[in-house]
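# Structure at a glance
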Amino acid sequence: MRKQNVTKRALKIYHAYNPKYFPLSFLQIVFQSISPYFNLWMSSEIITALYEGREKRELYVLVIITLLGNFLLQGFEAALGRGVRTASEVLANNEAAAFYRKTLSLDYDKIENPEIRQLRRRIEENSWINSHGVICMRDNVEAVLRWSINIIFSVVLFAEMFSRITKVPFHWLSLGLFAAIIAFSVFTVIFQCRSGKGISDVWSTVSDLMLRENRISAGHNVYGMDNRIYRQQGILSQLWEKMGKEHLKAFSEVNKKCFFLTMPQVATSRLSQMCTYLIICFYCTLGAFPVGSVIKYIGYLGKMTQSIGNLFFVINNLRNNERFLETYLEFFDIKNDMYQGSLAVEKRSDKKFDIEFRNVTFRYAGSEEDALKNVSLSLKVGERLAVVGKNGSGKTTFIKLLCRLYDPSEGEIRMNDFNIRKYDYRQYLDIFSVVFQDYNLLAVPLGNNVASGAVWDGEKAERVLDEVGFGKRYEEMPKGLETPLYKNFDEDGVNISGGEAQKIALARALYRDAPFIILDEPTAALDPVAEAEIYARFNEIVGDKTAIYISHRLSSCRFCDKIAVFDKGRIVQVGTHEELLADEKGVYSELWHAQAQYYT
Ligand code: ADP
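Remember, it's a predicted structure, so these values are computed and weren't measured experimentally.

Here we take up the site of the ligand. Neighbouring the ligand are the residues Glu112, Tyr364, Ala371, Lys390, Asn391, Gly392, Ser393, Gly394, Lys395, Thr396 and Thr397. Measuring from a nitrogen atom of the ligand, one finds a side-chain N or O atom of Glu112 at 3.0 Å. Within the contact set of the ligand, an oxygen atom lies 2.8 Å away from a backbone nitrogen or oxygen of Gly392. Along the lines of polarity and charge, the residues of the shell around the ligand split into two nonpolar, six polar and three charged.

So, in structure tokens, the structure goes:
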């Protein structure tokens, strides 16, 4: 994308988050900008009237006009201010919501992609730590509007002074002063642009340091128990001290650069101001305008040079912000490419969905090795399959592929004789109830969590909660299924333990009542009694569903019809517990005996 289009495109997107905001803000800026010019004008009229010794009535009229004008301008500005603040809240909320919605809408393979994660993190850091990216669009665009309006006002009003000057005879002194004003003003603007660009660039380099600091502080948990046990306070303090020194060094460098960048601009601006005073007073003595106008014209000229300088500064900020906007747009431009399929998934009362993995190989994006290699396996309706293997052997990846969170790199997965890619994606997902190892409960009422929806069937929800052993805890819940989980959004929310959360995740899977139930280490967080309870009722819980069960506890896999043993991404053994154990050199036997020694 061409650079100049980045800001334009981002602005268009940002404006769409609340189309009311910028028009309202523009009006407010107009009223805010009129106010000082109006006051300069009226002050000069009042001083002239006093100087010329006009009638008191005339003076009172001028004062009343000034007060009334201010009252009206500030009234409009305040009324608009309310609207602008509300519109700004809506804008910020919609902007944040759009970012989360985009994340939620992405295919899972994009979410796990390390580059996309990094991109998302960069956007968050840019906006939350350094206020770069779309978050600073509002201030910058407003500043462009403000300073442009000010320049227009001051130029128009300053022109009025020239029309008066031309009416008095030419004087050589004025030529010299005008030349000096123009020269100093040009230098002021040049220095202002240079310093504006310089300062903006310097701050933009410092933002990288601030990101690093944030990563260091966010990456070290000061609440950690192990910090205390291993006395890590010393290491962490040293890290902070080192960071503090780097911070100080970078910022004193910034201060030094900013000082030298602004000095020439300050000097020329003061010289230009001095010449302006001289020429305006000079023409006043020649009778080009009354004495009160001196204030007005000096004020206008001051505003003009200030506004031009500020405008250049903001334009430079906008330019420096382009690289952050590019990151933002890059994230929003990510397209989902998961094939959505169109074949309807049959609604079968007999739940007859047979699955077959045919020579499936899979590699994660950015990874150098296959996570699954040439995996072939079939699963018939109603079967119970246990998946075992060491850490990193590919068990979870196998489940992710079955649920089409990823598509195989090679080979295919078929269901009832069709490649699963052909099925309508949403309908296909609906045939699975899964409890992942890193399941995620939401900070909403228990009922919404169990039903995974806005409404729930109370009787069914209570039944599944009871089935997974949550019944007793449920009775203590103050508002039953209406009880919010966690306290993120609601003070009345209840905090739950890891074991309780896992039970709720299990209940959610049962509530869905899908033909397949997949449990990835479903009892890891449960105490031995709760775990034994779940196993004792496993057949009752699973019912006539096809079940896949991943566990490190091999004793809990014995009740499965078939056990698939994964090793380094391959299925190295398939069979019943007894069949697998018979192969004494097999991986299963190795795993079994490693655990069995603690039980026998
Ligand atoms: P298991 O469930 O048996 O512990 P996994 O299926 O989680 O194993 O992982 C299989 C292999 O794939 C491991 O080498 C793991 O490091 C790698 N892996 C898992 N998830 C990702 C990912 N999102 N990106 C890259 N590699 C991954």
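Here the focus is the nonpolar core. Buried together is how nonpolar side chains tend to be arranged in soluble globular proteins. One finds Leu446, Leu465 and Ile504 to be the most contacted residues of the largest nonpolar core, which totals 48 residues. Among the elements that take part in this core, helix H17 (residues 498–512) stands out by supplying eight residues, more than any other. Apart from residues lying up to four places away in sequence, Leu465 is in contact with Leu446, Val450, Phe470, Gly471, Tyr474, Leu481, Ile504 and Ala507. Among the nonpolar cores identified, the runner-up in size contains 38 residues, and Val360, Ile548, Ile550 and Ala564 belong to it.

Attention shifts here to the sheet that holds strand S5 (residues 418–419). The four strands are arranged S2-S1-S4-S5 in an open sheet whose pairing can be described as antiparallel. What marks the edges here is a single partner per strand, and that holds for strand S2 (372–379) and S5. Where strand S4 (residues 410–415) lies against S5, two bridges are found, and the strand directions are antiparallel. Across the sheet, the residue bridging to Arg414 is Asn419, located in S5.

A few words now on the packing of aromatic side chains. Following the criterion strictly, the structure yields 25 aromatic pairs and no others. Ring geometry for Phe99 and Tyr100: centres 6.1 Å apart, planes at 65 degrees, overall edge-to-face. Given the relative accessible area of 40%, Tyr100 is considered partly exposed. Three or more aromatic residues joined by ring pairs make a cluster, and in this case those are Tyr37, Phe153, Phe289, Tyr297 and Tyr300. The ring of Tyr21 has Arg138 lying over it, and the distance from NZ or CZ to the ring centre is 6.0 Å.

Conventions we followed
- Residues numbered from 1 in each chain as written.
- Predicted model: local features only at pLDDT ≥ 70, side-chain atom pairs only at ≥ 80, totals over all residues.
- Heavy atoms only, no water.
- Near = heavy atom within 4 Å.
- Polar contact = N/O pair within 3.5 Å; in protein donor to acceptor, adjacent residues only side chain to side chain.
- Nonpolar A, V, L, I, M, F, W, Y, C, P; charged D, E, K, R; others polar.
- Core = buried A, V, L, I, M, F, W, Y, C linked by side-chain atoms within 4.5 Å.
- Buried < 20%, exposed > 50% of the residue type's maximum accessible area, 1.4 Å probe, protein only.
- Helix = DSSP H or I, 4+ residues; strand = E, 2+ residues; numbered from the N terminus.
- Contact = heavy atoms within 4.5 Å.
- Pairing = 2+ DSSP bridges.
- Phe/Tyr/Trp six-rings, centres within 6.5 Å; stacked < 30°, edge-to-face > 60°.
- Lys NZ or Arg CZ within 6 Å of the ring centre and 35° of its normal.

Everything listed here is a matter of coordinates, which is why it stays silent on function.
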